[in-house]
Amino acid sequence: MLLLPKFDYYEPKELTEACRLLSETGSKAKIIAGGTDILVNMKKGLISPKVLVSLGRISRLSEVERMNKSITIGSHLIIAKLAEFDLIRKRFSILASAAKVLGSPLVRNRATIGGNIVTARPAADLPPVLMALGAKVKLKSRRSEREVALDDFFIGPGATVIKPDEILTRVIIPETPSYTGGHYIKLGHRKALEIAIVAVASKITLNKPDGVIKDAKIVLSAVAPKAVHAKSAEEVLIGEKPSAKLFEEAASLAMNDCKPITDIRGGVDYRQAMVEILTRRTLSFAWKEAKKGKKQ
Amino acid sequence: MDNFPVVGQRIPKRDAPQKVTGSAIYIQDLKIPGMLYGKILYSKYPHARILAIDTSRAEQLPGVKAVITGYNIPPFKFGFFKDNPPLKSGKVLSMRDEVAAVAATSPEIAEEALEMIQVEYEELPGIFDPIQAMQEGAPILHEGLKSNVLKLPWRLICGDVDTAKKESHCIVEDTFSTQWVTHCCLGTSGCVASFDINNNLTMYSNTQIPYLAQRDYIDALNVFGIKNRKVRVIQCIIGGGFGSKLDTYAYEYIAILLALKTRKPVKVLFTREEEFIATSPRQSTITKISHGCTKEGKLLFREMEMILDNGAYTSWGATTPSVMMMPISSLYKVPNVKYIAKCVYTNNTYSQAMRGYGNPQATFAIESSLDQLAEKMGMDSYELRLINANEPGEITPQNFKVTSCGMKECIEEVAKRIDWKGKRGKDKGRGVGMASLIHVGGGARVYKSDGCGTIIKIDDYGKVDVFTGASEIGQGSETVIAQIVAEVLGVNVEDVNVINNDTDVCPWDVGVHASRTTFVAGNSALGAAKKIKEQILEIASKSIGEAPEHLDIQKGLIFSTKDKEKNTPLGKVLRNAHYSTGGKMLMAEYFYDPANENFDKDFKGNLSVSYAYGTHGVEVEVDRDTGRVTILKYIAAHDVGRAINPMMLEGQIYGGGLMGIGYALSENMNFREGRLMNPNFLDYKMLTAKDVPPVEPVIVETNDKDGPFGAKGIGEPGLVPTAPAIANAIYDAVGIRIKDLPITPEKILKALKEKEKRGQSGEEGK
């Protein structure tokens, strides 16, 4: 039986109040969102914050807003809701599909988009698709506010550039251009309650339906200390006409863009082989999507 | 076969409403005034010497009422070999070894106190592989023993295998292995031990063996200095058993010891992590097997050698070879059989019974090997199975007397429904496979008695109380027993109440094991119901004016079968029985003990009155890139004698099938040097509702002459042939045979790559 250590708990209604609490208590405080990760880690004795500041009552943090050429998602939006928004389902379908395969219904009803990012787990479901979509996060402290591209946000397992007094408040995703398609595949043993052995998110944009690839993003998950771009694979695609052969070449390059380890969930060789397969499959699907045409 | 108004009907499981509405009282929910909470401190190492234990700080924590260790309890050992003390002193032999225990006013305080107990260990080299444990010079785990091999001479010899080998036209030989898997009961283990002022013990428990556990507790109390007291076992609603609760465990004795010391009721309840780490699962096995047959494909011999990882202590897991002998000697007709098994101590967790009781491990080797034999013979494996299928009237080499047997029908049903001829060996990437099973279906004489008692009484209004020794562990025995009694007595099934959870109230039963409850408890209930019906008709005959043999009961009305106008309500007869001078209460008891046999010293004898058969057929698709297996179609044909309740029977088949699919493809207790790496549902890959493939149960009814209304057991068979059926289908799909369970995508991909390297010459069985 794991015991939860004692701590003080705050539920501010305003973001400024949350920032104040965080700055005043310094490194002793932690933000709690869904609690699916932090409470477990506290029970295991891995961390022992003296103060937990909940974002649950700050209503704006659960809202999705459409901005100029982007959408912004409040960091406290729960995963189950993420897949329900029409806007997200239609325009960022890979985000919706990643949200649907995250954990179990119980976890999805508590865990939040912000939590899935800041915990920086190497096999988390949302970071790879958000990176493929070119997302940024907004980090707010009592005195400052800054935006960081998700590509620059993660350092390693559990480590990010966020400072102790900063709160991840919003996730900003740029609108995708026309002729863009994407796909996310999470490989596990089961269809539910699963953590990825390997996951790949791909997104490509064509200059016209039967044209060349204007932009390509391939993000690999669970095969490095953090989600990583398959850079050499992305590069080989740009300016080229899509074809099965091209995707094979990219997939093969992607294998060398990661550094998997062997653990109880999978071996190095298998993971590396799966990077190739999933890269190829996500690209083929993304191409089909991209050809479909203009975004509405 | 006859149709009946209650037996054979799809009646909903009667405990379902309270379970789905949350009103069922599990051990988790039970609270007794003054109750304390016990927690157990486990070892830090898989093999170590305990140098010192300091409990002083824990004892001083407010709320802590008792702290016990192996150094301050009476010397007592439990288990099949009596090799397991509830709290260890001297040495620990596995990560789950209990070192100390605390009773406190809350589980949180008890847990906090555990953290304050200082144990000093001297780590010893561990042995985690049974083959290494058998090697010369390997450290001996149990002091006083000369070898890590258990003194259990599992050896079955039927006919003459050596001669049969010489006479065989075709022989295959290979090695198969299986992994550790665990029951995953949704209700975790727990108990409350409570002594009254006279030291009589009441154990609230979720055991599958209330009457054998009672005996175990009495033995323990004798050692603890409490002699000649009464032990009462009361079961809460049990959240699954699957064999896990066929023994008594350290935590139960710890609860008793803590209750004795504190003079308060003490509850010990496992967390999910403890359930994974500290309950006793199905052991891993390594099996060498060879089969030989004639030119026509008639089996001539089967030879098997098996090594079982017993783990650190000995529970019923060590006796699973006795059940493995059943498929080894009697699955298909095979005249010459040799089987030798060794159970070996290691520093892993220790093994116990689990649904199938060894049969899945043995059947995986047998049915995989048969497909290899068919291929080497150039035969269709379906034909090979049909040629050798068991038949009614057969006496098997182990002296099983086969009565009802629908094995051929099962094989044929599967072949037809899976389109065997159309699909086998055709569409590459997709494949079909099948495997069959034999299991005890008419009880199993494991102990001196295989009996079950029933008492029936009926109240003044025709409502029936059935007191049975048989436990409900979720399998549906309450519903089946109610149906049988309702059928005999001619009352509504809703009017039959089943009481089955209290040794003070219910008669004796040997336990919920060996798929025996419908057969044995069903026959017992049937006997009691017939007896009380005789009494009722006898009394009614006077008031109706008709001879008892011409009376019957339907829907609570007693009537003359000659003239239906001559009738009287059941309740009225029952009331008059005691509201009269010289009156009597209507009650009946019946003890049924099937006419089966214990094994003799050579492990031969008719273990069960009848045998259950079945065949599973699977169509799979294998993703050659990822190694993932998708089950497209799953046919599970079972000879059940008769379905007392087809809906619940299908439930057993779905549940067994899914458990079997997990065994085949994903479940694995991942031990690293004795430490379980995946003690949670995230990393222990029990399949979820979303993974359920389309399972099609096929009920084959053979109307067994000894079964209640013709029924045989079905509790365990559902998972027995699953893994080999899937392995055979994978071979048909992509030409690789995985001989080591579970068949993970990683293993498949590796085998596919190796096959590619070898070229297309990589055929098996050569």
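Residues numbered from 1 in each chain as written. Chains lettered and ligands numbered in written order. Predicted model: local features only at pLDDT ≥ 70, side-chain atom pairs only at ≥ 80, totals over all residues. Heavy atoms only, no water.

S.K.: Help me out: how do you make sense of the overall build of chain A in this one?
M.R.: For chain A, the helix and strand inventory stands at 11 helices and 14 strands. Here chain A has a C-alpha radius of gyration of 19 Å; the compact-globule value for 296 residues is 19 Å, and the two agree. Along the first, second and third principal axes, the C-alpha atoms of chain A reach 60 × 45 × 30 Å. Of all 296 residues assigned to chain A, the portion counted as buried reaches 51%. By sequence separation, contacts in chain A at least 24 residues apart represent 63% of the contacts at least 6 residues apart. As presented, chain A carries roughly 13200 Å² of accessible surface, and 52% of it is formed by carbon and sulfur atoms. (Helix = DSSP H or I, 4+ residues; strand = E, 2+ residues; numbered from the N terminus. Rg over C-alpha atoms; globule rule 2.2 N^0.38 Å. Buried < 20%, exposed > 50% of the residue type's maximum accessible area, 1.4 Å probe, protein only. Contact = heavy atoms within 4.5 Å. Areas by Shrake-Rupley, 256 points an atom, 1.4 Å probe, with all protein chains shown as cover.)

S.K.: What am I meant to see in the sheet that holds strand β4 (residues 64-67) of chain A here?
M.R.: Whenever strands of a sheet pair, they do so through backbone hydrogen bonds, lying parallel or antiparallel. Residues and elements named next belong to chain A. The strand order β4-β5-β10-β6-β7 describes an open sheet built from five strands, whose pairing is antiparallel. Looking along the sheet, the strands with just one partner apiece sit at the ends: β4 and β7 (145-149). Pairs of neighbouring strands in the sheet enclose a mean axial angle of 25 degrees, with direction left out of account. As defined by bridge partners, strand β6 (residues 136-140) adjoins strand β10 (residues 167-174) across five bridges and the pair is classed as antiparallel. Bridge assignment links L139 to a residue of β10, and that residue is L168. Lying over the sheet, helix α1 (residues 15-25) contacts β6 and β10, oriented at roughly 130 degrees with respect to β10. (Pairing = 2+ DSSP bridges. Axes fitted to C-alpha atoms, helices over the stretch in contact; angles between N-to-C directions.)

S.K.: Explain the side chain of B:R516 to me, please; I cannot follow it from the model alone.
M.R.: Residues and elements named next belong to chain B. Within the secondary structure, R516 is located in the loop between β19 (496-499) and α15 (517-544). Given a relative accessible area of 1%, R516 falls into the buried group. A polar atom in the side chain of R516 sits 2.9 Å from the side chain of D509. A distance of 2.8 Å separates the side chain of R516 from the backbone oxygen of G511, its partner in a polar contact. For R516, the contacting residues outside a window of four places in its chain are G443, D450, G451, C452, D509, V510, G511 and A521. (Polar contact = N/O pair within 3.5 Å; in protein donor to acceptor, adjacent residues only side chain to side chain.)

S.K.: What should I look at first to understand the pattern of salt bridges in this one?
M.R.: Close approach of charged atoms allows side chains with opposite charge to pair. Tallied over the full model, the rule gives 62 salt bridges over all chains. We note a salt bridge from A:D86 to A:R89, for which the minimum N-O separation is 2.8 Å. With A:D86 and A:R89 both in helix α4 (residues 86-91), this residue pair falls three residues apart, about one helical turn. Residue classification places A:R89 among the partly exposed positions, given a relative accessible area of 38%. Here B:E597 and B:K401 are joined by a salt bridge, their closest N and O atoms 3.6 Å apart. Of this pair, B:E597 sits in the loop between β23 (587-592) and β24 (611-622) while B:K401 is found in the loop between α11 (381-388) and α12 (407-417), placing the two residues 196 residues apart along the sequence. Residue B:E597 is classed as partly exposed on the basis of its relative accessible area, which comes to 34%. Take B:K401: its relative accessible area is 38%, and that puts it in the partly exposed class. (Salt bridge = Lys/Arg side-chain N within 4 Å of Asp/Glu carboxyl O.)

S.K.: Which parts of the structure should I look at to understand the interface of chain A and chain B?
M.R.: The parts lose accessible area when they come together, and the size of an interface is often stated as this lost area. If you look at the interface, chain A gives 21 residues, while chain B gives 29 residues. Both sides together, the interface formed by chain A and chain B hides about 2400 Å², and carbon and sulfur atoms give 57% of it. Three residues stand out in chain A for area buried against chain B, namely A:M1, A:R190 and A:I264, and they jointly supply 32% of the buried area on that side. On the surface where chain A and chain B come into contact, there are five salt bridges. In this structure, B:D625 engages A:R280 in a salt bridge whose closest nitrogen and oxygen atoms are separated by 2.8 Å. Across the contact surface, chain A and chain B share 14 residue pairs in polar contact (both at pLDDT 80 or more). By residue number, the principal contributor to the side of chain A that touches chain B is helix α11 (residues 268-291) of chain A, which donates six residues. For the side of chain A that touches chain B, a count of residues per class yields 11 nonpolar, four polar and six charged. (Buried area = accessible area lost by both parts, 1.4 Å probe. Nonpolar A, V, L, I, M, F, W, Y, C, P; charged D, E, K, R; others polar.)

S.K.: What is the right way to look at the pairing of strand β16 (residues 430-440) of chain B in this model?
M.R.: Residues in a regular strand point their side chains to alternate faces of the sheet. All names here are of chain B. Counting buried residues in β16 gives 10 out of 11 residues, a clear majority hidden from the surface. Pairing between β16 and β24: 11 bridges, direction antiparallel. From the neighbouring strand, S436 faces β24, where its bridge partner is T615.

S.K.: How should the side chain of A:K140 be read in this particular structure?
M.R.: Residues and elements named next belong to chain A. For K140, the position within the fold is in strand β6. Despite its burial, K140 remains without a salt bridge, the nearest opposite charge being carried by E145 at 4.4 Å. Residues in contact with K140, not counting those within four places in the same chain, are L15, C19, E145, D165, E166, I167 and T169. (Lys, Arg positive; Asp, Glu negative; His and termini not counted.)

S.K.: Would you mind showing me how to read the packing of α15(B) against helix α16 (residues 570-578) of chain B here?
M.R.: The axes of two packed helices give the description: the angle between them and the distance between them. Residue and element names in this part refer to chain B. At a closest axis distance of 10 Å, the pairing of α15 and α16 adopts a crossing angle of 85 degrees. Overall, the two elements α15 and α16 adopt an arrangement that is roughly perpendicular. From α15, I536, I539 and A540 reach across to α16, where they touch L570, V573, L574 and A577. Along the lines of polarity and charge, the residues of the contact of α15 with α16 split into seven nonpolar, no polar and no charged. (Parallel < 35°, antiparallel > 145°, perpendicular 65-115°, else oblique.)

S.K.: Got a minute to help me understand the environment of A:L55 in this structure?
M.R.: All names here are of chain A. Inspection of the secondary structure puts L55 in the loop between β3 (51-54) and β4. C-alpha of L55 to C-alpha of A18: the two residues are 37 residues apart in sequence and 7.5 Å apart in space. For L55, the contacting residues outside a window of four places in its chain are A18, I31, I32, L61, S75, H76 and I167.

S.K.: I keep staring at the sheet that holds strand β25 (residues 629-639) of chain B and nothing clicks. Help me out?
M.R.: All names here are of chain B. The strand order across the open sheet built from four strands is β16-β24-β25-β28, with neighbouring strands paired in mixed fashion. The sheet is open, and its two edges are formed by β16 and β28 (695-700), each paired on a single side. Within this sheet the neighbouring strands show an average axis-to-axis angle of 15 degrees, counted without direction. The strands that helix α18 (residues 722-734) touches are β16, β24 and β25; relative to β16, the one it contacts most, it runs at about 160 degrees.

S.K.: Help me understand the packing of α11(B) against α12(B), please; the structure alone is not making it clear to me.
M.R.: Residues and elements named next belong to chain B. Packing of α11 against α12 leaves a shortest axis separation of 9 Å and a crossing angle of 160 degrees. Overall, the two elements α11 and α12 adopt an arrangement that is roughly antiparallel. Crossing handedness for the pair α11 and α12: left-handed. Seen from α11, the contacting residues are Y382, R385 and L386; seen from α12, they are K408, I411, E412 and A415. Among the residues forming the contact of α11 with α12, the class breakdown is four nonpolar, no polar and three charged. (Left-handed = near helix turned anticlockwise from the far one by under 90°.)

S.K.: Explain the domain arrangement of chain A to me, please; I cannot follow it from the model alone.
M.R.: Residues and elements named next belong to chain A. Here chain A is described as being made up of domain 1 (8-54), domain 2 (60-174) and domain 3 (180-291). The C-alpha centroid of domain 3 is placed 20 Å from the C-alpha centroid of domain 2. Listed as interface residues are 22 residues of domain 2 and, on the opposing side, 23 residues of domain 3. Taking both sides of the interface into account, the surface hidden between domain 2 and domain 3 amounts to around 1600 Å²; carbon and sulfur atoms contribute 62%. For the pair domain 2 and domain 3, the interface holds one salt bridge. A salt bridge links D125 to K186, with the nearest nitrogen and oxygen atoms 3.0 Å apart. At the junction of domain 2 with domain 3, the criterion picks out nine residue pairs in polar contact (both at pLDDT 80 or more). Elements represented by at least two residues in the side of domain 2 that touches domain 3 include exactly α5 (93-100), α8 (126-132) and β8 (154-156). Tallied by class, the residues present in the side of domain 2 that touches domain 3 amount to 15 nonpolar, five polar and two charged. (Domains from an automatic or database assignment.)

S.K.: What's the story with the nonpolar core in this structure? I'm lost.
M.R.: In a soluble, globular protein the nonpolar side chains are often hidden away together inside. Residues and elements named next belong to chain B. Core analysis: the largest hydrophobic core is formed by 166 residues, its most contacted members being I256 and I730. When sequence neighbours within four positions are dropped, the list of residues in contact with I256 reads A193, F195, L201, M203, Y217, L221 and F224. Formed by 48 residues, the second largest nonpolar core is a distinct cluster that contains V6, I11, V466 and V609. (Core = buried A, V, L, I, M, F, W, Y, C linked by side-chain atoms within 4.5 Å.)

S.K.: Can you walk me through helix α3 (residues 107-115) of chain B in this structure?
M.R.: What sets the pattern is the α-helix's 3.6 residues per turn: residues three or four places apart point alike. Residues and elements named next belong to chain B. What α3 keeps buried is the set A110, E111, A113 and L114. An end-on view of α3 places all buried positions within 160 degrees of arc, on one side of the element. Buried-residue contacts for α3 involve β1 (36-42), α2 (56-60), β3 (64-69) and β5 (98-104). (Arc of directions from axis to C-beta.)

S.K.: Explanation requested: the pairing of β24(B) in the structure shown.
M.R.: Residues and elements named next belong to chain B. Burial of β24 is extensive: 11 of the 12 residues sit out of reach of the surface. Here β24 runs beside β25; their pairing, made up of 10 bridges, is antiparallel. Paired with E619 across the strands is K633, a residue of β25. Counting the residues that bridge the hairpin from β24 to β25 gives six residues, and of these G627 lies at a positive phi of roughly 80 degrees.

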